Structure formats: structure tokens, C-alpha cells
Amino acid sequence: MNLDAKIPTGSMAQKWDKHRFDLKLVNPANKRKYEVIVVGSGLAGASAAASMAELGYNVKCFCYQDSPRRAHSIAAQGGINAAKNYQNDGDSVYRLFYDTVKGGDYRSREANVYRLAQVSVDIIDQCAAQGVPFAREYGGLLANRSFGGAQVSRTFYARGQTGQQLLLGAYSSLCRQIGLGKVQMFPRTEMLDVVLIDGHAKGVIVRDMVTGEISRHSAHTVVLATGGYGNVFYLSTNAMGCNVTATHRAYKRGAAFANPCYTQIHPTCIPVSGDHQSKLTLMSESLRNDGRVWVPKSQDVAEKIRRGEINPSGIAEVDRDYYLERKYPSFGNLVPRDVASRNAKEACDEGRGVVGSGLGVYLDFADAIGRMGEDVVRERYGNLFDMYEKITGSNAYQNPMTIYPAVHYTMGGLWVDYNLMSNIPGLFVIGEANFSDHGANRLGASALMQGLADGYFVLPYTIGQYLAEIGPDERPSEASSEFGGVEESVKSRIDKLLSIKGKRTPTSFHRELGQIIWDKCGMSRSESGLNEALEKLPALRQEFWENLNVPGENGSLNQSLELAGRVADFLEFGELMCRDALQREESCGGHFREEHQTEEGEAKRDDENFSFVGAWEYKGADSTPQIHKEELTYEEVKMTQRSYK
Amino acid sequence: MGKDLNLKLKVWRQDNADDHGRFEEYGANGIDTDMSFLEMLDVVNEGLIEDDREPIAFDSDCREGICGTCSMVINGVAHGGQKGTTACQLHMRHFSDGATITIEPWRATAFPVHRDLVVDRTAFDRIQQAGGFISVRTGSVPDANATPVPKDDSDLAMDAAQCIGCGACVASCKNASAMLFVAAKVSHLSLVPQGQPERERRALAMVEQMDKEGFGNCTVTGSCEAVCPKEIPLDFIARMNREYGRALIKRETSS
Ligand SMILES: Cc1cc2nc3c(=O)[nH]c(=O)nc-3n(C[C@H](O)[C@H](O)[C@H](O)COP(=O)(O)OP(=O)(O)OC[C@H]3O[C@@H](n4cnc5c(N)ncnc54)[C@H](O)[C@@H]3O)c2cc1C
Ligand code: SF4
Ligand code: FES
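Within each chain, residues carry numbers counting from 1 in the order of the written sequence. In the order they appear in the text, chains get letters beginning with A and ligands get numbers beginning with 1. Confidence filtering applies because this is a predicted model: local features only for residues at pLDDT of at least 70, side-chain atom pairs given and counted only at 80 or more, and all residues used for totals across whole chains, interfaces and linings. No hydrogens and no water enter the side-chain calculation; it runs on all heavy atoms of the structure.

(A) Up close: the overall build of chain A. Secondary structure elements follow DSSP: runs of H or I of four or more residues count as helices, runs of E of two or more count as strands, with numbering from the N terminus. Helix and strand content of chain A: 18 helices and 19 strands. Atoms counted for the radius of gyration: C-alpha only. Globule rule: 2.2 Å times residue count to the power 0.38. Radius of gyration (C-alpha) of chain A: 24 Å, near the 26 Å computed for a compact globule of 645 residues. Across its three principal axes, chain A shows a C-alpha extent of roughly 75 × 60 × 50 Å. The burial tally for chain A puts 66% of its 645 residues in the buried class. Between two residues, a contact is recorded if the distance between any of their heavy atoms is within 4.5 Å. A separation threshold of at least 6 residues defines the contact pool for chain A, and within that pool the share at least 24 residues apart is 75%. Areas reported as accessible are Shrake-Rupley estimates using a 1.4 Å probe. Residue values count occlusion only from the protein chains shown. Summed over all atoms, the accessible surface of chain A reaches about 21,300 Å², with 46% contributed by carbon and sulfur. Across chain A, 72 positive and 81 negative side-chain charges occur, with their mean positions spaced 3 Å apart. Burial status follows relative accessibility: with a 1.4 Å probe on protein chains alone, a residue under 20% of its type maximum counts as buried, one over 50% as exposed, and anything between as partly exposed. Residues scored as positive are Lys and Arg, those scored as negative are Asp and Glu, and His as well as the terminal groups of each chain are ignored. Just so you know, the charge point we use is NZ for Lys, CZ for Arg, CG for Asp and CD for Glu.

(B) Fine view of the site of ligand 2. A cutoff of 4 Å decides nearness: a residue is near a molecule or strand if any of its heavy atoms lies inside that distance of it. What surrounds ligand 2 is the set F124, C163, I164, G165, C166, G167, A168, C169, L180, C228, P229 and I232 of chain B. Each residue gets one label: Ala, Val, Leu, Ile, Met, Phe, Trp, Tyr, Cys and Pro are nonpolar, Asp, Glu, Lys and Arg are charged, and the others, such as Gly, are polar. Taken together, the residues of the shell around ligand 2 sort by class into 10 nonpolar, 2 polar and no charged.

(C) Seen up close, the interface of chain A and chain B. Counting residues at the interface gives 76 residues for chain A and 75 residues for chain B. By convention in these notes, a salt bridge is any Lys or Arg side-chain nitrogen within 4 Å of a carboxyl oxygen on Asp or Glu. Between chain A and chain B we count 5 salt bridges in total. Whenever a nitrogen or oxygen atom comes within 3.5 Å of another N or O atom, the pair is scored as a polar contact, on the condition that within protein one atom can donate a hydrogen and the other can accept it, and that pairs from neighbouring residues in sequence are kept only if both atoms are in side chains. Across the chain A-chain B interface, the total number found is 47 residue pairs in polar contact (both at pLDDT 80 or more). Mapped by element, the contributors of at least two residues to the side of chain A that touches chain B are α3 (43-55), α5 (110-129), α6 (162-179), α12 (374-392), α13 (447-470), α15 (506-521) and α17 (559-583) of chain A. Looking at the side of chain A that touches chain B element by element, the count peaks at 9 residues for α6 of chain A.

(D) Here's a closer look at the packing of aromatic side chains. All names here are of chain A. Stacked, tilted and edge-to-face are the three classes assigned to paired rings of Phe, Tyr and Trp, where Trp is represented by its six-membered ring and a pair needs centres within 6.5 Å; plane angles under 30 degrees give stacked, over 60 edge-to-face, the rest tilted. Evaluation of the coordinates by the stated rule reveals 33 aromatic pairs over all chains. Between Y106 and Y634, the aromatic rings sit 6.1 Å apart at their centres with planes inclined by 80°, giving edge-to-face as the arrangement. Note that Y106 is positioned in the loop between α4 (93-103) and α5 and Y634 in the segment after β19 (626-631), a separation of 528 residues in sequence. Note on accessibility: Y106 and Y634 belong to one class, buried.

(E) The arrangement of the pairing of strand β7 (residues 200-208) of chain A in detail. Residue and element names in this part refer to chain A. Along β7, 7 of the 9 residues are buried, which leaves the element largely enclosed by surrounding structure. One ladder, built from 8 bridges, connects strand β6 (residues 189-197) with β7; its direction is antiparallel. Across the sheet, residue V194 finds its bridge partner in β7, namely V204. Two strands form a pair only when DSSP identifies at least two bridges running between them. Taking the residues between adjacent antiparallel strands as the criterion, β6 and β7 are bridged by 2 residues, where D198 takes a positive phi near 50°. When β7 meets strand β8 (residues 214-218), the two strands line up antiparallel, connected through 5 bridges. Paired with I205 across the strands is R216, a residue of β8.

(F) Quick peek at the domain arrangement of chain B. Residues and elements named next belong to chain B. Where each domain starts and ends comes from a domain assignment, either automatic or drawn from a database. Split into domains, chain B comes out as domain 1 (4-114) and domain 2 (121-253). Between the C-alpha centres of domain 1 and domain 2 there is a distance of 29 Å. Each partner contributes to the interface: domain 1 provides 20 residues, whereas domain 2 provides 19 residues. Buried area adds together the accessible area that both of two parts lose upon being put together, with accessible area traced by a 1.4 Å probe. For the domain 1 and domain 2 pair, buried surface summed over both sides reaches about 1,400 Å², with 62% attributable to carbon and sulfur atoms. Counting the contacts that link domain 1 with domain 2 gives 2 salt bridges.

(G) Looking closely at the site of ligand 1. Residues in close proximity to ligand 1 total 38 residues, the closest being Q65, S73, G78, M191 and E432 of chain A. At the site occupied by ligand 1, nearby residues are drawn from chains A and B. In this structure, an oxygen atom belonging to ligand 1 sits 2.8 Å away from a main-chain N or O atom of G78 of chain A. Take M191 of chain A: an N or O atom from its main chain is 2.8 Å from a nitrogen atom of ligand 1.

(H) Structural view of the sheet that holds strand β1 (residues 4-13) of chain B. Residue and element names in this part refer to chain B. Ordered by their spatial adjacency, 5 strands build an open sheet running β2-β1-β5-β3-β4, and the pairing between neighbours is mixed. Looking at which strands have only one partner, the edges of the open sheet turn out to be β2 (22-32) and β4 (77-78). Both strand β3 (residues 73-74) and strand β5 (residues 100-104) contribute to a ladder of 2 bridges, which runs antiparallel. Within β5, the position partnered with V73 by the bridge is E104. The strands touched by helix α1 (residues 37-50) within the sheet are β1, β2, β3 and β5, with β2 carrying the most contacts at an inclination of about 105°. The angle between two axes is taken between their N-to-C directions and runs from 0 to 180 degrees, where each axis is a line fitted to C-alpha atoms and a helix contributes only its stretch in contact.

(I) Looking closely at the packing of α5 of chain A against α13 of chain A. Residue and element names in this part refer to chain A. Running from N to C, α5 and α13 cross one another at 85°; their axes reach a closest spacing of 9 Å. One way to sum up the angle between α5 and α13 is to call them roughly perpendicular. Contact residues: α5 offers R115, L116, V119, S120, D122, I123, Q126 and C127, while α13 offers M449, Q450, L452, A453, Y456, F457 and V458. Here the residues of the contact of α5 with α13 are counted per class, giving 10 nonpolar, 3 polar and 2 charged. Here is the rule for angles: anything less than 35 degrees is roughly parallel, anything more than 145 is roughly antiparallel, 65 through 115 is roughly perpendicular, and the remaining ranges are oblique.

(J) Inspection of the pattern of salt bridges at higher detail. Tallied over the entire structure, the rule returns 70 salt bridges over all chains. Across the salt bridge formed by R253 of chain A and D193 of chain A, the nearest N and O atoms sit 2.9 Å from each other. Pair noted here: R253 of chain A is in the loop between α7 (245-252) and β10 (257-258) and D193 of chain A is in strand β6, with a separation of 60 residues, a long-range link. Judged by relative accessible area, which is 33%, R253 of chain A ranks as partly exposed. Assessed through its relative accessible area of 5%, D193 of chain A is described here as buried. Ionic pairing is found between K83 of chain B and E231 of chain B, a salt bridge with its closest N-O pair at 2.6 Å.

(K) Local environment of α17 of chain A. Residues and elements named next belong to chain A. Expected span of a helix, by definition, is 1.5 Å for each gap between consecutive residues, and there is one gap fewer than residues. Along its 25 residues, α17 runs 36 Å from first to last C-alpha, staying within 8% of the 36 Å computed at 1.5 Å per residue. In terms of burial, α17 is a largely internal element, 21 of the 25 residues being buried. Its side-chain oxygen 3.2 Å from the backbone nitrogen of S560, N558 forms the N-cap of α17.

(L) Fine view of the state of the cysteines. All names here are of chain A. Put simply, a disulfide is two cysteine sulfurs that come within 2.5 Å. Evaluation of the coordinates by the stated rule reveals 0 disulfides over all chains. With no disulfide partner, C61 has as its closest neighbouring cysteine sulfur the one in C63, 6.5 Å distant. Judged by its relative accessible area of 0%, C61 falls in the buried class.

Structure follows, in C-alpha cells:
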């Protein structure tokens, strides 16, 4: 397997400029002869589809929602980073680059990250020109806030709905191109496989989710912008439909899957309230700017709280443990996400959790309200407090919030080179679906930046190189045997899912899978736990294919069938995650191996042996996948152990 | 843990756009008051599948009140009648034990039913495609701070831009008018300086498409505002009428 990252030569600051000059250009008159498929209409997909259509390519764009505007990106709350230095507080492209490499715990590719920081500034300009109503100061200029513990204020935001506003901006550009006939949009359409011809990605097989019709679409090139796989955990902050199907199917056709074990657990989510729980809700990270995290010092007191015998307000200061402030005096409640999450788990594992299930800690605003008054707190966080009350029925001005970590983002994804092309020629991967920029841990407000960087400013250039190389005549016929073969396999799988007629629902399998992955490959992982998961998963998968019940048929809207297909892929993919977590005998970023920690219980990296990207090659249903390594070298940023003490 | 409820559901079932459809009744027992409304339906659906019956089809995705996917009329009110709340954010603690709950799809000619509670809202997308944008090409834009926007304008634009495109306004309107939805987008883009060059074109194009899609006329009954989960105020409809009037005058004087 060829994992040449194709990183341009030259100094870090000049690589992207030089590369753009070196890239072949497609003759403007020829652009309209090319067909491009974009799967996904989130920030990455919508921005890419619109920008490529503007350039003159003919684009087909697919999404599973009923409208491209509803892609999961819509839910992002906090903001988007950019090295604008509008606040004159010492930010720069270099600083954003440095922070991102460090935040990723030295497991990302320097050149990609540098480019991300470079184009970040263009994103804000683009979005403002689309009319995105970013927060502003009284002088009419853009406002910023500091986010996720960054020491500069580089985060742009639109109230608590930044993802929504950025996506609606990209969607409006997409709409314009649909209106002009340059993009053909296929909503409620699920991509179920990718078609390769002579080793190049040349099309997809999709299912119309209303009629069940399976169809073939050929193109010169295929772009996957299908988001992350957090729902392998069943419960996550992702939207219900988020799935691994597109990237997993591509993996099974030969695309390398990189770092699948790198997942991000967000520390401030509303705790699970019962077995019925269908998804988890994030409470913005910004709450940690003013809220104080604590649990009781003793298990007895915690037990009484859990039984509802005492209220948190009745617990004296001396009996409280503000564990983040205690353990990390310089960062306190603002330690990075992985550190905050792990510490919450530890407190609850010690029996000091404060909700019925035992899995929850306090995020307390009493001091903030005392200091600034309730009105100021309301102004800052009012919408979040309202949302909290809607879901839990509890008023966070009067009682502390309860929070617990939840799966939020997946840093792993399909392997791509500097051009965002996977190891399959013609298959490009952008946004959360690729692995490229965040290493082992993503910084807050950097996913929106990456999705839009890829879609607006990187892919439209780099795809030209591939298209110029293959020439405009290459588009294969949909009648070819390759299309026929893949379509056949898609259809027979659907028939299989419908014909098992066993006893269990797709959701029950999904829930059981999620529990295994959460327990064994979640916030902390161990060799024995991962091996246990690797034993349980094949058995669960076997039961799935023997005992699943999907009512109804393929010929109409059938949500059980859609879910069953996704769960089938998650069941396979979960195993790959565990395998990756097992081979990575170190702790880094979101990947915490119990065997590899410092004496104080912090993550311990092993740079000598593990500063590589682990990219997995599918070897067939009955063989173990094979890992390939892309070594990471750091020219600019010196590797150090993170410390937040 | 919340308390448990036993409920009776009357749910609209319809196999496809051509089917006449009918109400069917289901029991929903042991429903925890901490559940969301959609989680309650999940529980009912799990039971149906276990009995080898087809589950109730309904749309949802984010379940956080932001994507605009969920869409159902609960006891006669779009999204169920909790102020500023989508169906996915409605929780069972607002229902009492023993209650009967009626659940129907959005009903409007412009939103044909796909199945059960799932409707086709692509008419909204086509309205956006007609003009709900600012024509800027990627890359050909000035520095973001080169165009200051007064904070009040920007805040008001944001109030309008919050629309999640759910269609509750249409579902609640006796005329099935899409005015609140269109007004929100027209207002958002006409309030920011970047939107000025296409201001008239946009208002005309979006209104024209809205009419083509078969949405009814607005008679300002205000039922849309009452159910809108983002509390988009009727003021924006007045603003849009001004925008539209202005655009008509401009078109006449320039032709
Ligand atoms: C609650 C929440 C809050 C967040 N807040 C922030 C924040 O403040 N700042 C930040 O930077 N990041 C944030 N993130 C992360 C960020 O939102 C996502 O990483 C990012 O939006 C992903 O964008 P995307 O375009 O890659 O994918 P998505 O937006 O997930 O889009 C995926 C697209 O692919 C389509 N698709 C998927 N599978 C298929 C298939 N098989 N067939 C057809 N179509 C398919 C979907 O329909 C969709 O259109 C947040 C995430 C969550 C969950
Ligand atoms: S105006 Fe309100 S009710 Fe209508 S689509 Fe927008 S958010 Fe939904
Ligand atoms: S499911 Fe997204 S708004 Fe209800």
C-alpha cells in the first residue's frame, strides 16, 4: 500500500503557495466536461460542491437528510477558529498552527496543519460575504472569544449557533449553484458503495430512501464528505443518522482507514437519564469559563445525593472536591477536553458521582452568579441554561448543572495525502471523514474551520491536478460490469437484511455494540478490555446476521432498513477501532491506555515508537486487516509532553 | 429517574403519497417522564418491531432543536405547543398519566406525505434556490472587517437567520402559507450590507417561487409565530411585505 503523503518541499510557510503553482490546471473550457460526485452536504460537502460548481465542474451532491441544510454540521454551537488576529493579542498563522499540532498531541501532519491555519483567514472573509451574521462589536467589526483554553481570542461565533449559520451560508452558495443547474442535488439518498474501475474511484451506488430504488452514478471523481463515526458508540452528541457507511465501504474497497481509535470525548454533556436515551446533548464548552466542576469529597455524601436525601447546596465548601482546580492549579476548570473527561470518569469510578446512575459531576455557577449577578450569567449562557432546563427539567441558576463526558468527534478517518486524496486514485475525502489535521485530539472550534478549509479552499485546487491528469474523456459507462457487480452486492445485502426475520431490532444491536465500545474503547482502554471487546464483537455480529428483524420491504421508505444497514457497518468498524487502540501501546490525546500513564495518572506518549499514522488495509472478511505506517516528522514544532498543572 | 406514564396514542399512518391514510391506536406504557417525545415514539416503535409490525415512520436527526428535521403535529399543535420548542426537545414531563395523544404529519399541499409522519419539504429548498443567497464566488471577497455592520442590524439579522426551516409555520397556518419562513430569509439577507445588491431581485424571486409551490396567502392570523420553535416574530412578515413592495416599485420604475 502506498502511503506517500506528497508533502511539498520547501519551507513550511511556502509549501502551499508553491504547491498551488505546481498543480496542473484544468483548461477552463474543459471544466464543464467533468462530472464530480460529492457525497455529503455538511460544511465540507456543501462548500466543496458549491465551489467546484462555480469553477465550472458538473456536480452531483448526495445527502441522507431531506435537505442539504440539515447536515450534522448544523448542530455545532461554539465557534470557528481563524488566525485573523483582529484582537491584536498576538495571534498569527504560526500560533494557530503551533497550537493545533500541540493540541493534537503531536500526531498530526505538520504541513496539513500549517495550510489549515493559513486558509483559516479566508474562511471568515468568505462567510461574512455570504451574509453570515457573526457576532459583532458596537463598532460593527467582528467579535471574538477565547475558546477551549486558547490563550488568544481567535474564535468567531454566531450566538450559540455557529455551525448553523456557517452551514446555512454554504447551503446558500450550494442553492445558487443548484438553481443555475451546475449542481444536481439528491436529498434522502444514501450512498451504499463506491465503484472502482481500473483501481480509480469512478462512481457510487445509492439508494433512494423514499422509493428504495438502487441506482448507479458515474463520474470522473468521487468526494466523500460524510462526517464522523461517533455513533459507533450508539450514544453520542452526533445526529441520529451520522454513520460510518460511506467511509467503511470505501475502506472495504481498498481505502486505508487511518487512526480509527482516535475519538474525542467531550466533558460537558447532559448525563444519560435512562435506558430510553437516544442521543446525548452537548452543553457548550464555554460554560467551563465560569462554571466550577466538583463532586463531594466522600462517597457517603455522594451516595446520599444519589438517593435524593440531600441537595448539593447543602454541602459545605470543605466537603466539596473541586478536583480540576485542585489537580491543575494553572488551568483549573479549563484543562483540555480529554483531561477534563478522564477526571470526571475517575471521580465517578471512585463512587463520587452525583446523579442516579452514578455517572455525573457538578458544574456549578453559584460563585459566578455571586460574583457577576444572575443577569450577567443569563446574558452569557441564557440559551444553554434554557436548553438544560428543557431536557432535564432543572433550573441551573438555582441548582448546579450535572454533566458527564460523551463521545463528540472522531479524529480518525480515511487516510488522505496532502491533496486530500485517499490511496485510491480519484477518491477524495474531506471534513470530519478524513483523518488529516487534528492528530489524536481536536481543539475546540477547529472542526468547522477544517471542514470549510477543505471544501472552499483546498479541494477545489487539488482535485484539478487529478482531473487534468486523467483528462475529460475518462468518465466510464454506468452499464459497465464494475457498476453491475457493486450494485448486485448492494442489493443482495439489502435482501439479506430483510430476510433474516429474527427477533431483535436494529436498535437493540446498536445499543449493545455501543455499550461494548464505550466500556472497552472509550475514555480509557486497556489490553485486556480491548481483547475482550474483540472477542465479543464477532459474536454480536454473528447474532445480528442471524437474529435481526427488519419489518417491511425495500420498495418504500423504511427507516428500520436504513438503520440496520448502518448498524451492520458499525459492527464491523467497531472491531477495527479496537484493533487500532490495541496496537497503539501509548497514550496520546483522546487515546488513553491504562498501561501507559505517568505516576500522576496523565497520558504518556511514546514518541520513539508511535509517532506514526496507523492506516489500516482491509484484507477480506475472514482475515485480520493490516496496518501500514506513515511516519510523522516534526520540523517546526518541538515535541514536548503536554502539561496543564 | 422520572415517573412512569401510561398513554394512548392516536397516530396517523399512511403508506405513501397516494394512500388515503388513517389513524391507528397504540398503547405507550411505562413511559419515563424524563424521555423526550421522540424517545417515547422510539419505545413504541421498538415494541412494534418486536411484534413484527411496521414502526411509525417519523423524521428526526439532531434531536437538539437545530436541524429542523423533526416535524409532527401533536394534539393539534405543530411541535406540541411548548413555547420555542421543537418536537425533539419536547419532554414527556409535560404530559399526564392516562392521556390520549394525537400525532399527525404536517398537512399542506406543498408538503406531500412520504409515509406516516414523514413529509416532503423540498419546496422550501426550491424557494432558497430561487434567490435565498448572496451571489459571491469562493475567494472573490473582501476582508471580513472591511465591511462593518452595525451591531443592531447584525443582531436583528441573526434573529431572522435562526429559522431552522422546519415548516411548522406552514403546518399551523389555515392557508398553509410559507410567509414566515420566506420572510425570515429575506429579512436576514436584506439587513446586512452584503445583501444589498440583490435585495429586490431576491425578494421577488423567492416570493414568486413560494407562490409556484402552492403555498397559500398570508392573512396574518399569527398562528405561525405561535408555533415557531425559534420564535421568529411576525414583524419579519411586515418587513418582507415592505421589501416586496419596494422591489415591485423599483421593477416598475426601471422598466
Ligand atoms: C453538538 C456538536 C457541537 C459541535 N460544535 C463544534 C464547534 O463549536 N466548533 C467546531 O469547530 N466543531 C464543532 N463540532 C464538530 C463539527 O460540527 C463537525 O465535525 C463538522 O460539522 C463535520 O462536518 P462535515 O461536513 O465533515 O460532516 P457533516 O456535517 O456530518 O455532514 C455529513 C454529510 O454527509 C452525509 N452523509 C453521511 N453518510 C452518508 C451516506 N452514506 N450517504 C449519503 N450521504 C451521507 C450527510 O447527509 C451529511 O450531509 C460539533 C459537533 C457536535 C456533535
Ligand atoms: S419560521 Fe419558524 S416555524 Fe417556520 S420554518 Fe422557520 S423555524 Fe420553522
Ligand atoms: S430533530 Fe433536529 S430539530 Fe428536531
